[in-house]
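Chain and residue survey
Single-letter residue listing:
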Amino acid sequence: MDDDLPTDFQVIVVGTGMVESIVAAACSRIGKNVLHLDSSDHYGGLWASYNFDGLQKFIKEVNSDPKRQLQVYNLAEKWYIEKASAEESKAEGEEKPEDGKGDPAKKVWTQDSFAAEYRKFNIDMTPKLLFSRGPLVELLISSNIARYAEFRCVTRVLTWLSDKLMPVPCSRADVFATEAVGIVEKRQLMKMLTSIVGYNEEEMNNEFKDWNDKTFKEYLTHKGLTPNLIHYVLSAIAGGTNSMPCLEGVKECKKFLMSLGRYGNTPFLWPMYGSGELPQCFCRLCAVFGGVYCLNRPIDKVQTKTADDGKTVVTIDSKSKTLNCDHLVIGINECPKDLISPEPAESCDISKAVFITNGSIMKSDKEPLTLLRFPPLSDEDNAVTVLEVGPATGSCPKGLFVVYFITNKVKDAESDLMPIAEKIFDMSGGDQTADTEKPKCLWSLFYNVKDTSAPVASTADSVHVCSGPDAGLDFDRAVEQAEQIFKKICPGQEFLPRAPDPEEIVFEDDVTHGPEFQREDEDAEGDAPKE
Amino acid sequence: MSSRKKVLLKVIILGDSGVGKTSLMNQFVNKKFSNQYKATIGADFLTKEVIVDDRIVTMQIWDTAGQERFQSLGVAFYRGADCCVLVFDVTAPNTFKSLESWRDEFLIQASPRDPDNFPFVILGNKVDLDNRAVSAKRAQQWCQSKNDIPYFETSAKEAVNVELAFQTIARNALAQETEAELYNEFPDQIKLNANDNGRNRDGDNCAC
């Protein structure tokens, strides 16, 4: 079959990470002839989601391949449960209440029962949220790619305050309902948040003209907020630390507040089955418009040469075949080093962890989907983003939760994140049916990811390098970079114009060209992509 | 159970390149056929309303968009399928041999709740051609050996059995869907669209 692969394309994209996939879709959408390759047998690269089996393979691959460890390192996997079920091993003589097996929700999990249900896990390498009015949601809607995906709303935002988990009031209703802040504080908070959203640019410049070199915390203190409220606004809403610059804090707050009330109680959406679905949505659009897909296709060599007419051609050797294109779009981890301009000196790697637990970090009536922003434990530490997802998101079997930790690396993933894990989970293993205050951690994985999120220039004009995942909460940087790369390849062209709905596609009986797309004009204003 | 609820069935069509997946969809939905073969471009999914036992059912039939050509369909394509249609070309034995691996691939990737009873339908397409190479008997035997998968011999070109096959697909998918509903504890996934304000809570969208 490989022999059928055509050799000449306008654009070849190597790697199916988020940025690469968006660029592939955008190029194909406006009529470029696109080939999209990936060296592995699945989509997403470091942005992928894995079932439990796939994740085990990933861990093995990384641990046995020093080259992969340049991207992902310090992998530490640990089980807190038995290999096989008690009935089989009959090892423990503990007095377990075997009568009627107790609460059915308190299933006793074993490593074998994880393996038996491996397909029900979808574990993200790069878990991220979408702001309900952020650039990715707007792009998915305006391009009509939204039809390939489904989402769930994050149901609550939590913070860590006075050594315990606390819900953060997000909406007007929340603010009034919460018992965590007093009446006077409620008014202060409302006034503060309303004014941040309400400022137009001029008012903004006016209000903040003297705050350029000051911190957001200083601003909030200046406004007379109590320490409690400062914590809510700074840590939970703006996602910042004491050193967060004032203007950045205001910007982050505004982004949070603007996304409230569109889809649910919080500003955030989580993709069903995990973030790894999203690159695939863009790839499908690329394929629908004629893009050719080929997984399991590593590349060996990339060269650029100037043709007789002065145009640059990029040639790629792959499985003893030579592929030619005008533009090569390539993920940074796939890109030969000689094509990358010297790396930026300053970069901070990412510390990550995944936990599988037998309950939510904070009990709730309906299954929660939680964002927790954990403030730094000390001045040397960084804030940690915690995402907890349950069975309703397609992330794990019933009775379990998957919890992700993400932070900028200080020492290594385990040292950076274990202290926080110990605060919200019971890491001691042991009897799963015991009624503990904190959920039991059943399995954990710590790892570091090299930071490849800074935009990188290439040594050739027709080679475009895509960044890897960043430690941020959302996909905004990926979307922004993809649009920039697209504009370089296709200057003056529209970035992902709306794809027609299937009903609008007119098939002709004896066409020699592709099907035509006809857009319905009857309801022009209803089609307005942005609100 | 509210049986008057609008039902949407996701049907996916698999099979080797060139067996006529897109043509079958197009014949069923648009009553059109083009002799001009080209690898699938522009085909995404087609929807058609059908009536099954007095119920109006919307079938959403998903094409591979050509991603099957180099075995590069991603897991996202398979999510939430209610029925899987496997197509081969009766004039090309290789496409018949591939059915087994397409079926396996589907079961692995889509991981349906009850793999043994998941509804498949097999279509032997292009029966209008003279150079037939896979006999009806051989195909039927294979289908029987796989838990009695329904088998239809079709011609997308001459509209042979296409309507009947898709009726069966809808019926079997619906049976699966009704069963799945009982298990669907989390019904409120969000679809994004332009004028959607989601579950807009009373006057709460201006931040606090």
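It should be emphasised that the depicted structure is a prediction, and the values quoted were computed from it without experimental measurement.

1. Notes on the overall build of chain B
Along its length, chain B carries six helices and six strands. Listing the helices and strands of chain B from first to last along the sequence gives β-α-β-β-α-β-α-α-β-α-β-α. Burial analysis of chain B (208 residues in total) assigns 50% to the buried set. In chain B, 73% of the contacts between residues at least 6 apart in sequence involve partners at least 24 apart.

2. Some thoughts on the overall build of chain A
Across its full length, chain A holds 14 helices and 22 strands. Taken over 531 residues, chain A has a buried fraction of 55%. Carbon and sulfur atoms form 48% of the exposed surface of chain A, whose accessible area is close to 23200 Å².

3. A look at the packing of helix 1 (residues 18-29) of chain A against helix 14 (residues 476-489) of chain A
Residue and element names in this part refer to chain A. In the contact formed by helix 1 and helix 14, the axes pass within 9 Å of each other and the chain directions differ by 40 degrees. Viewed along their axes, helix 1 and helix 14 adopt a mutual orientation that is oblique. Note that helix 1 runs across helix 14; the crossing there is right-handed. Mapping the contact onto sequence places M18, V19, I22, V23, A26 and C27 in helix 1 and A478, V479, Q481, A482, I485, F486 and I489 in helix 14. Counted by class, the contact of helix 1 with helix 14 contains twelve nonpolar, one polar and no charged residues.

4. Here we look at the pairing of strand 1 (residues 7-14) of chain B
Residues and elements named next belong to chain B. Most of strand 1 is tucked away, with seven of its eight residues classed as buried. Sheet analysis places strand 1 next to strand 3 (residues 55-62), joined by six bridges and oriented parallel. Bridge pairing in strand 3 links L9 to M59. Sheet topology note: the strand 1/strand 4 (residues 83-89) ladder contains four bridges and is parallel. Across the sheet, the residue bridging to I13 is V85, located in strand 4.

5. Let's talk about the sheet that holds strand 6 (residues 151-153) of chain B
Residue and element names in this part refer to chain B. Spatially, the six strands line up as an open sheet ordered 2-3-1-4-5-6, and their pairing is mixed. Each of the sheet's edge strands pairs with one partner strand only, and the pair in question is strand 2 (45-52) and strand 6. The mean angle between the axes of side-by-side strands here comes to 25 degrees, regardless of whether they run parallel or antiparallel. Alignment of strand 4 against strand 5 (residues 120-125), held across six bridges, turns out to be parallel. In the sheet register, L86 faces strand 5, and the bridge partner there is I122. Lying on the sheet, helix 5 (residues 136-145) is in contact with strand 4, strand 5 and strand 6; it crosses strand 6 at an angle near 160 degrees.

6. Description of the sheet that holds strand 6 (residues 130-131) of chain A
Residues and elements named next belong to chain A. A sheet is described by the order of its strands in space; here three strands give the open sequence 6-10-7, paired in antiparallel fashion. Strands with a single pairing partner mark the edges of an open sheet, and in this sheet they are strand 6 and strand 7 (151-153). As judged from the three bridges shared by strand 7 and strand 10 (residues 268-271), these two strands associate in the antiparallel manner. When the sheet's bridge partners are listed, F151 is paired in strand 10 with P271.

Here is what the cut-offs are and how they apply
Residues numbered from 1 in each chain as written. Chains lettered and ligands numbered in written order. Predicted model: local features only at pLDDT ≥ 70, side-chain atom pairs only at ≥ 80, totals over all residues. Heavy atoms only, no water. Helix = DSSP H or I, 4+ residues; strand = E, 2+ residues; numbered from the N terminus. Buried < 20%, exposed > 50% of the residue type's maximum accessible area, 1.4 Å probe, protein only. Contact = heavy atoms within 4.5 Å. Areas by Shrake-Rupley, 256 points an atom, 1.4 Å probe, with all protein chains shown as cover. Axes fitted to C-alpha atoms, helices over the stretch in contact; angles between N-to-C directions. Parallel < 35°, antiparallel > 145°, perpendicular 65-115°, else oblique. Left-handed = near helix turned anticlockwise from the far one by under 90°. Nonpolar A, V, L, I, M, F, W, Y, C, P; charged D, E, K, R; others polar. Pairing = 2+ DSSP bridges.

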